[in-house]
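If you want the building blocks of each chain, they are given just below.
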Amino acid sequence: MKIWFDGQLVDHDDARVTVFDHGTLYGDGVFEGIRFYSGKIFRLQEHIVRLFDSMRYLLIDCPWSFEEVCAATEETVAASGMQDGYIRLVVTRGAGDLGLNPWNCPKASMFIIAQNIALYPKEMYENGLSMITSSYRRPNPDVLCQQVKSLNYLNSISAKIEAVQQGAGEALMLNQRGNVAECTGDNIFIVKNGQVQTPPLTEGALGGITRHAVMDICAELGIPCVEKVLNRFDILSADECFLTGTAAEVIAATSLDHRTIGTGQAGPITKKILARYQELVRE
């Protein structure tokens, strides 16, 4: 397997990050998860725009231009020899010292991996996944901005541990006001009386690329879709619920805290959106 590492394709064993990299020491960096289908990368430019926005927020000076990062991503996919797969593109602050000062890291580092991924078992896509409500809350943006897709995922990992320990597929994450933000790695949607609803980004959700794609699909199919502040009542009383994410794609959620959502199966609108999404990524 070839990995793009700081300007060139190298073998798996030669793609090594120094232990003094601030991404390793402090989680100081950003990343993108991107899908490719039939050898074509889905919404590549949207992902790279978000990557550069995150770097700009964290004052990470990328040694490569927007066009060069896009080209490097395409080069990595071509070298993988795969038709369908998942890309992990990571930019770290780079090597520095053991102090926090980011200006002691003279040059950022970037690597790109193209590999297979299966976020959830196949049966969950067929039957829907279960969720629990995490005791961990999404922090306020003045504590940790959720619009930055950073390497700091401890908040999500803590919630994921709870879900796994309770036998659930995913954890619902609330914000500091008790409203729904998102899940550990996915955006969340519900369907109520034929209308698709999802929390606004101001509630602590990442601006997901798949989230945007699903909202575009709703507009195309004539399905009403709105951003709306939601709480646990809205999830539990919904007709349908589904999650979206680059790795997860579109997957139904059929229970929360051992309480059935809707019929307990993927609903008709969820299925309709999923079918169109599967067409869209191949176009």
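Just above, that's the structure.
Rules used throughout
- Residues numbered from 1 in each chain as written.
- Predicted model: local features only at pLDDT ≥ 70, side-chain atom pairs only at ≥ 80, totals over all residues.
- Heavy atoms only, no water.
- Helix = DSSP H or I, 4+ residues; strand = E, 2+ residues; numbered from the N terminus.
- Buried < 20%, exposed > 50% of the residue type's maximum accessible area, 1.4 Å probe, protein only.
- Contact = heavy atoms within 4.5 Å.
- Areas by Shrake-Rupley, 256 points an atom, 1.4 Å probe, with all protein chains shown as cover.
- Lys, Arg positive; Asp, Glu negative; His and termini not counted.
- Charge placed at Lys NZ, Arg CZ, Asp CG, Glu CD.
- Patch = residues over 30% accessible without salt bridge, like charges linked within 9 Å, V, L, I, M, F, W, Y side chains within 5 Å.
- Salt bridge = Lys/Arg side-chain N within 4 Å of Asp/Glu carboxyl O.
- Phe/Tyr/Trp six-rings, centres within 6.5 Å; stacked < 30°, edge-to-face > 60°.
- Expected span 1.5 Å × (residues − 1).
- Arc of directions from axis to C-beta.
- Disulfide = S-S within 2.5 Å.

Attention now goes to the overall build of the protein. Of the regular secondary structure elements, the protein holds 8 helices and 15 strands. Each of the three principal axes of the protein carries a C-alpha extent, and together these read 55 × 40 × 30 Å. The burial tally for the protein puts 51% of its 283 residues in the buried class. Looking at the protein alone, contacts between residues at least 24 apart form 70% of all its contacts between residues at least 6 apart. Only carbon and sulfur atoms are counted for the fraction: they give 52% of the accessible area of the protein, which is about 13300 Å². One way to put it: in the protein the 25 positive side-chain charges average out to a point 5 Å from where the 34 negative ones average out.

Among the surface-exposed residues, V19, F20, L25, Y26, L98 and L100 lie close enough to one another that they form a single nonpolar patch of about 610 Å² accessible area. Considering the arrangement of structural elements, one finds F20 in the loop between β2 (8–11) and α1 (22–26).

Below, the discussion takes up the packing of aromatic side chains. Here a ring pair, both rings aromatic, is described through the centre-centre distance and the interplanar angle of the planes. Under the defined criterion, the tally for this structure stands at 6 aromatic pairs. Ring centres 5.8 Å apart and planes at 50° place the aromatic pair F52 and F66 in the tilted group. A residue pair is termed long-range when its members are at least 10 positions apart, and F52 in helix α2 (residues 44–58) and F66 in helix α3 (residues 66–80) qualify at 14 residues. Residue classification places F66 among the partly exposed residues on the basis of a relative accessible area of 22%. Taken together, the ring pairs in this structure connect Y37, F42 and Y277 into an aromatic cluster.

A few words now on helix α8 (residues 268–280). For α8, built from 13 residues, the straight-helix expectation of 18 Å at 1.5 Å per residue is met to within 8% by its first-to-last C-alpha distance of 18 Å. Every buried residue of α8 is accounted for by I269, T270, I273, R276, Y277 and L280. End-on, the buried residues of α8 take up no more than an arc of 135°, which puts them together on one face. Turned more than 90 degrees away from the buried face of α8, the exposed residues are P268 and K271.

Evaluated as defined, the whole model comprises 0 disulfides. Free cysteine C70: the closest other cysteine sulfur is in C62, separated by 11 Å. The class of C70 is buried, set by a relative accessible area of 9%. Here C183 stays unpaired: no disulfide links it, and the sulfur of C241, its closest cysteine neighbor, is 7.1 Å away.

As a further point, take unusual backbone geometry. Residues other than glycine predominantly adopt negative phi, and peptide bonds predominantly adopt the trans conformation. A positive phi angle, close to 55°, is found at D257, a residue other than glycine. On the secondary structure map, D257 appears in the loop between β14 (249–256) and β15 (259–260). Overall, D257 belongs to the partly exposed group, its relative accessible area being 21%. At H258, a position not held by glycine, the phi torsion is positive, near 65°.

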